[in-house]
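Single-letter residue listing:
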Amino acid sequence: MSDEALRRLPVGSVGHKPFGWWGMLTVVMTEGSLFAYLLFTYYYFVVQYGRIWIPEAPSLRLAGPNTVILLLSSAFVWWAEKSAARGKTKAQSLGLAIALLLGVVFLAIQVLEWRDKPFTLGSGSYGSAYFITTGFHMAHVVVGALMLAAVLLWSLLGYFDRERHAALSIAALYWHFVDLIWLTIFFTFYVTPYIG
Amino acid sequence: MAVADSDRSLELQQSGAPARERLARIWEGEAGLRGWLSTVDHKEYGKRYIATAFIFLILGGLEALVMRVQLAGPNKTLLTPEQYNQLFSMHGLTMIFLYAQPVLSGFSVYLFPLLLGARDMAFPRLNAFSYWIYLFSGLFIYAGFVLGYGPNDGWFNYPPYASMRYNPGPNMDFYAIGMILFGVSSTAGAANFVVTFLRARAPGMSINRVPILTWGTVTASFGILFSVPAVSLAFFLLWTDRQFGTDFFNSGQGQPLLWQHLFWIFAHPWVYVVVLPAMGIVSDALPIFCRRPLVGYTVVVLATVATMVMGFGVWLHHMFATGIPYLALSFFSAASFVITIPSAVAVFAWIATIWTGRPVLSTAFLFFAGFIVMFTLGGVSGVMTAAAPADQQLTDTYFVVAHIHYVLIGINVLAVMGGLYVWFPKMTGRLLDERLGRWNFWTVFLGFNIAFLPMHWTGLAGMPRRIYTYPEGLGWTAVNVVTTIGAFILAAGVLLLLVNMYVSRRHGAAAGPDPWGGPTLEWATTSPPPTYNFAVIPAVASRHPLWEGSLDESGERSSLQRGMILDDGKEMLTTTALDAEPDAIQKMPPDTLAPLLAALAATALGAAALLHAWIGATIFTLLLFAALLVWLWPQRAMGQISEQAHV
C-alpha cells in the first residue's frame with residue numbers, strides 16, 4: 001500500500017469501521033441463539049404435549065397493535081441514523097426520542113398484557129414458557145431503551161456528525177435486532193396456535 | 001491536537017530507538033496496585049488467565065486425588081456419599097469450565113495480537129472484564145463449596161436430582177448463578193477473539209495466511225457464541241424452577257429431558273471449544289520443531305471449521321440411553337461417526353509434518369507427540385461410544401470416564417504443557433529447563449496412562465461412575481488401585497511443571513527474541529514483548545514471515561522493520577476481514593477500573609439474587625449500568641465524537 005493511500009485512512013470511530021460495530025454483530029449472534037433456545041423450549045413442549053398444552057387461544061387484541069408499535073419504533077431509529085449520516089442533527093434526536101417513547105409504550109402495553117393472562121408463571125409449563133420468554137424479550141427492550149436514551153443524550157450534546165456516530169449505529173443495530181426477535185416470539189406464541 | 005488532523009504523517013518509517021521510547025510512554029500504564037487492577041494490556045491478562053486456570057487445575061486435581069484415595073479399595077469410609085458427590089461434581093466443573101477453556105483463552109489472549117501483528121485485542125477493556133468475571137464466577141462456585149453447598153449432581157447436573165424437591169439446599173443455586181456469570185465471561189472473550197481475528201490483522205495477512213492457532217480459537221469462539229446461551233438459559237430456567245415455581249424441568253408438566261437437550265446442545269460443542277484452540281497450538285508449534293511448515297494448512301483449517309459445525313449436530317449421542325426414538329439414535333450415531341473424519345485429517349497432517357520434517361526432540365516436541373497418540377486413543381474410544389448399541393452398554397460406566405480423560409487430558413493438557421515450553425520464554429524472557437522438562441513429560445505421560453488406560457477395563461467390567469465405594473469380590477479392586485497409583489504419578493508430573501516454571505522464571509537461561517527459530521510474528525519482537533508489541537506495524541507477505549529467507553516460496557518479503565509507527569496516542573490499525581487491507585486507524589482506550597467494577601457489580605448482583613436480596617440486586621444493577629455508562633461514554637481522544645462539538 002502506498003504512503004499516499006495510508007495518509008487518507010480515517011482515524012477513530014468513523015462509519016461502520018469501528019470494532020464496536022463488529023462487536024455488536026457478535027452480540028446479535030449470541031443473543032439470537034439465546035432466543036432460538038427459548039423458542040426451542042416452547043416447540044419441544046408442543047411436540048411432547050400437543051395442542052392441549054396451550055391453555056387459551058392467544059388474543060391479538062393487545063399483542064397485534066403492540067407489534068406495530070415496536071416496528072414503528074424501528075422505523076424511527078432507522079430515520080434517526082439516516083439523518084445522522086446526512087448531518088441533520090435535529091431529525092436525528094427527534095427520531096431517537098420518538099423511538100424511545102414507542103419502546104416505553106411497548107413495555108407498558110406488555111405489562112397490561114401480562115395482567116390479562118389467565119395463567120401464571122407457576123401454573124404449568126406453558127405459563128412458565130410464556131412469561132420467561134416474553135420476560136427475556138422485555139429485559140432486552142429495557143436494555144435497548146437504555147441504549148437509545150444514552151445515544152439520545154449524546155446526540156443532544158452534539159457528539160455526533162455525518163462521519164462520527166458509531167454509538168448511534170450500534171444502538172440502532174441492537175434495537176432492530178430486538179424488534180426482529182419480537183417477530184419470532186409473536187409468530188411462535190400468537191400465530192402458530194392458529195395454523196398448527 | 002484534533003484526532004483526524006489531516007497533516008499527520010503516516011509514512012512508513014523505520015523502527016528506531018526514539019520511536020520505541022515514544023511508544024513506550026504512550027502504552028505503558030501506571031505502576032502499583034491501581035495500575036495492576038486497571039491495566040488493559042492483553043499480555044497481562046493472558047498470563048493471569050493461565051495462572052488462574054492452573055490454580056483451578058490444582059484444586060480440581062486435589063479433589064480427584066481425594067476421590068482416588070476413597071476408591072483405592074472396597075468399602076472405604078474416608079468420604080461420606082454427600083462429600084463424594086460434591087467432590088466429583090466440583091472436579092468435573094472445575095476442570096471443564098474453570099480450567100480447560102480459560103487456560104486456552106490465556107494462550108490466545110496473550111498470543112492473538114502478537115500472532116496477528118497487532119498492538120492489542122480489539123476490545124482491551126472487554127478483555128479485562130472477561131478475565132475478572134471468569135475469576136469471580138470461579139470464586140462464586142467455590143464459595144458454595146467451601147460453605148458446604150457445592151454442586152452435588154455431577155457437572156451435567158440432571159434434573160430431577162437437581163430440582164428443589166430432591167435437592168433442597170442452595171448447592172444448585174450456587175452452581176446455576178456461577179455458571180451464568182461464567183457464560184458471560186466466555187461469551188465476552190469469544191466476541192473479542194472474533195472481532196480481533198476479523199478486523200485487527202497486520203496488513204497483508206489475508207485470511208489464508210493466518211496462524212492456525214488463531215483459526216482454532218476463532219472457530220471455538222463462534223462455537224461459544226452459538227452454544228453458551230443454551231447452557232446459560234438452562235441454568236437460569238433451573239434456578240427459576242427451584243426458586244420461583246416455574247415448571248420447565250420438573251416431572252409434573254415440565255420435561256426433565258429438556259434439560260439434557262439444552263445442556264448437551266451446549267456441552268457437546270464445548271468439547272470442541274476446549275480442544276480446537278489446543279489443536280491450533282499443536283498445528284502452530286509442532287512445525288517449529290519439525291523445521292518445516294505444517295502439511296496441509298488449508299485442509300487443517302477446513303477440518304477445524306467442519307468439526308465445529310458438525311459438533312452442533314451430535315449432542316444426542318450423550319443421551320443414547322434415555323429412550324429416544326430409534327430414528328434419532330441412528331441419525332446421531334451416524335453423525336458421530338462422520339465427525340471423526342475432520343479430526344482424523346488433523347492427525348494425519350501432524351504425522352505427515354513429523355514424517356517429512358527434521359524433528360528436534362525437545363520437551364515441547366515430546367508433549368506434542370504424546371498429544372497425537374492420546375488424541376488417537378481418545379478418538380478410538382469415542383468411535384466405540386458413538387455406536388448406539390455399544391454406548392447403551394458403556395453409558396455411565398468408567399469406560400466413559402476413561403474416554404473423556406483421554407480426550408481432555410490428551411488433547412488439552414498435553415497441548416497446554418507443550419505450549420508452555422514453547423511460549424513461556426516469550427512471556428518471561430527465560431527458557432524452561434529441558435532436563436526437568438523431560439522428567440515432567442514422562443511422569444505426566446506414564447502417570448496419565450497408568451491411571452486411565454485400566455479405567456477402560458473398569459468400565460467394561462461394569463463399574464458405574466459416581467459411586468462413592470464398591471463391595472469386595474466384583475473384580476474392580478486391582479484396577480482401582482492401579483488407577484489411584486497412576487493418579488498420584490500424574491499429580492507428581494504436574495508438580496514438576498510447576499517447579500520448573502517457578503525456578504526457570506528467575507533462573508532459566510535467557511531466551512532472546514526467538515529461541516526456537518519460529519516462523520510467526522510473535523518471534524519478531526523481544527521476549528517479553530514491550531507493551532506496544534511491535535514498534536512498527538508489520539506488513540505480511542506470506543504465512544511464515546520469519547521463514548521467508550529459507551523457504552523462498554515467492555519473491556515477496558514481509559516488512560518487519562519498516563512500517564507504520566502509529567504513535568499519535570494509543571492507536572491500532574484496522575484491516576479488512578478477508579484481504580487485510582488497511583481500513584482505518586482505531587484509537588485504543590486508556591487503562592481504566594470500569595471493567596473490574598462492572599465485573600464486581602455483576603457478581604454482586606448474582607450473589608444478591610442467590611440470597612433473594614432484591615434491594616441489593618437493584619442497587620448492583622444500577623451500579624452495573626453506571627459502570628457501563630462510564631465505560632462506553634464517547635471520548636474525543638478516541639475519535640468517537642464529532643470534530644465540531646464543543647465539549
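Cut-off values and rules
Residues numbered from 1 in each chain as written. Chains lettered and ligands numbered in written order. Predicted model: local features only at pLDDT ≥ 70, side-chain atom pairs only at ≥ 80, totals over all residues. Heavy atoms only, no water. Helix = DSSP H or I, 4+ residues; strand = E, 2+ residues; numbered from the N terminus. Salt bridge = Lys/Arg side-chain N within 4 Å of Asp/Glu carboxyl O. Buried < 20%, exposed > 50% of the residue type's maximum accessible area, 1.4 Å probe, protein only. Phe/Tyr/Trp six-rings, centres within 6.5 Å; stacked < 30°, edge-to-face > 60°. Contact = heavy atoms within 4.5 Å. Buried area = accessible area lost by both parts, 1.4 Å probe. Polar contact = N/O pair within 3.5 Å; in protein donor to acceptor, adjacent residues only side chain to side chain. Nonpolar A, V, L, I, M, F, W, Y, C, P; charged D, E, K, R; others polar. Core = buried A, V, L, I, M, F, W, Y, C linked by side-chain atoms within 4.5 Å. Expected span 1.5 Å × (residues − 1). Arc of directions from axis to C-beta. Axes fitted to C-alpha atoms, helices over the stretch in contact; angles between N-to-C directions. Parallel < 35°, antiparallel > 145°, perpendicular 65-115°, else oblique. Left-handed = near helix turned anticlockwise from the far one by under 90°. 1 Å grid on protein atoms, 1.4 Å probe; cavity = no way out; pocket = protein on both sides within 12 Å on 5 of 7 lines; lining within 4 Å. Points joined across faces, edges and corners; volume = space filled by probe spheres on them.

K.L.:
Would you explain unusual backbone geometry in this entry?
P.N.:
Most peptide bonds adopt trans geometry, and most residues besides glycine take a negative phi value. Residue and element names in this part refer to chain B. Cis peptide bonds are those with omega within 30 degrees of zero, and the linkage from proline 159 to proline 160 qualifies with 0 degrees. Along the chain, proline 160 turns up in the loop between α5 (124-146) and α6 (171-199). Proline 528 follows serine 527 through a cis peptide bond whose omega is -15 degrees. Even without a glycine there, the phi angle at leucine 566 is positive, about 50 degrees. One can find leucine 566 in the loop between β3 (559-564) and β4 (571-575).

K.L.:
Could you clarify how one ought to interpret the pattern of salt bridges in this entry?
P.N.:
Two side chains bearing opposite charge may form a pair once their charged atoms approach each other closely. Here the structure, examined in full by the defined rule, presents 13 salt bridges over all chains. The partner of arginine 34 of chain B in a salt bridge is glutamate 30 of chain B, with the nearest N and O atoms 3.6 Å apart. One salt bridge in this structure joins arginine 199 of chain B and aspartate 583 of chain B, with 2.9 Å as the shortest N-O distance. Highlighted residues: arginine 199 of chain B in helix α6 and aspartate 583 of chain B in strand β5 (residues 582-587), separated in sequence by 384 residues. In this pair, the class of arginine 199 of chain B matches that of aspartate 583 of chain B, namely buried. Counted as one network, the salt bridges with shared partners bring together Lys17 of chain A together with Arg199 and Asp583 of chain B.

K.L.:
Sorry if this is basic, but what is going on with the packing of aromatic side chains here?
P.N.:
Two descriptors summarise a pair of aromatic rings, namely the distance from one centre to the other and the angle between the planes of the rings. Residue and element names in this part refer to chain B. Per the counting criterion, the structure on display carries 80 aromatic pairs over all chains. Look at phenylalanine 182 and tryptophan 270: their rings are 6.1 Å apart centre to centre, the planes differ by 70 degrees, and that puts the pair in the edge-to-face class. Of this pair, phenylalanine 182 sits in helix α6 while tryptophan 270 sits in helix α8 (residues 256-273), and the two are 88 residues apart along the sequence. For the pair shown, phenylalanine 182 and tryptophan 270 are each scored as buried. Centroid distance tyrosine 406 to phenylalanine 448: 4.7 Å. Interplanar angle 55 degrees. Geometry classified as tilted.

K.L.:
I keep staring at the interface of chain B and chain A and nothing clicks. Help me out?
P.N.:
Think of interface size as the accessible area that goes away when the parts come together; that is how it is often given. Residue-level contacts link 67 residues of chain B with 48 residues of chain A. In total, chain B and chain A occlude about 5000 Å² of area from one another, counting both sides; carbon and sulfur atoms represent 69% of this. The tally of links between chain B and chain A comes to one salt bridge. Here lysine 17 of chain A and aspartate 583 of chain B are joined by a salt bridge, their closest N and O atoms 2.8 Å apart. If you look at where chain B meets chain A, you find 16 residue pairs in polar contact (both at pLDDT 80 or more). Listing elements by their share of the side of chain B that touches chain A, those giving two or more residues are α6, α7 (212-244), α8, β4, β5 and α20 (614-632) of chain B. Considering each element in turn, the side of chain B that touches chain A owes the most residues, 11 residues, to α7 of chain B. Here the residues of the side of chain B that touches chain A are counted per class, giving 43 nonpolar, 16 polar and eight charged.

K.L.:
Just checking my understanding: could you explain the nonpolar core for this structure?
P.N.:
If you look at soluble globular proteins, the nonpolar side chains tend to sit buried side by side. Residue and element names in this part refer to chain B. By size, the foremost hydrophobic cluster in this structure holds 246 residues, and its most contacted members are Phe97, Trp155, Trp270, Trp350, Phe371, Val422 and Trp423. With 21 residues, helix α4 (residues 81-116) is the largest single contributor of residues to this core. Among the nonpolar cores identified, the runner-up in size contains 16 residues, and Val195, Ala535, Val536 and Ile565 belong to it.

K.L.:
Looking at this structure, I do not really get helix α10 (residues 297-311) of chain B. What am I missing?
P.N.:
Residues spaced three or four apart along an α-helix point in a common direction, a consequence of the helix completing one turn every 3.6 residues. Residue and element names in this part refer to chain B. The end-to-end C-alpha separation of α10 is 21 Å, in line with the 21 Å expected for 15 residues at 1.5 Å each. Considered for burial, the residues of α10 that qualify are Tyr297, Val300, Val301, Ala303, Thr304, Thr307, Met308 and Gly311. The buried side chains of α10 occupy one side of the element, clustering within an arc of 160 degrees when seen end-on. Those residues of α10 that are exposed and aimed more than 90 degrees away from the buried face are Leu302 and Val309. In the core, the buried residues of α10 are packed alongside α7, α8, α9 (276-290) and α12 (340-356).

K.L.:
Even after reading the chapter, I still don't get the packing of α10 of chain B against α12 of chain B, so can you show me in this structure?
P.N.:
The relative placement of two packed helices comes down to the angle between their axes together with the axis-to-axis distance. Residues and elements named next belong to chain B. Closest axis-to-axis distance for the α10/α12 pair is 8 Å, and the angle between their directions is 150 degrees. When the axis of α10 is compared with that of α12, the two are roughly antiparallel. At the point where α10 passes α12, the crossing takes the left-handed sense. Contacts between α10 and α12 involve Val299, Val300, Ala303, Ala306, Thr307 and Met310 on the former and, on the latter, Pro342, Ser343, Val345 and Ala349. Here the residues of the contact of α10 with α12 sort into eight nonpolar, two polar and no charged.

K.L.:
It is not clear to me how the packing of helix α3 (residues 60-85) of chain A against helix α6 (residues 166-195) of chain A should be interpreted in this structure. Could you clarify?
P.N.:
All names here are of chain A. Their axes nearest at 10 Å, the elements α3 and α6 cross at an angle of 160 degrees. With respect to each other, α3 and α6 are oriented roughly antiparallel. Pair α3 / α6 crosses with left-handed handedness. Tallied by class, residues from the contact of α3 with α6 come to 15 nonpolar, six polar and two charged.

K.L.:
Can you walk me through empty space enclosed by the protein in this structure?
P.N.:
Here the idea is plain: a probe the size of a water molecule rolls over the atoms and shows the empty space left. Residues and elements named next belong to chain B. Inspection of the entire model under this criterion finds seven cavities of 30 Å³ or more. Taken as a whole, the largest cavity spans an internal volume of roughly 100 Å³. Around the largest cavity, the lining is made up of 14 residues, and of these Gln101, Ser105, Phe193, Thr217 and Ile224 lie nearest the centre. Secondary-structure elements contributing two or more residues to the lining of the largest cavity are α4, α6 and α7. A class-by-class count of the residues in the lining of the largest cavity yields seven nonpolar, seven polar and no charged. One number sums up the size of the second largest cavity: a volume of about 50 Å³. Every residue along the wall of the second largest cavity is listed here: Ser542, His544, Trp547, Glu548, Leu551, Asp552, Glu553, Ser554, Glu556 and Arg557.

These figures come from the coordinates and say nothing about function on their own.
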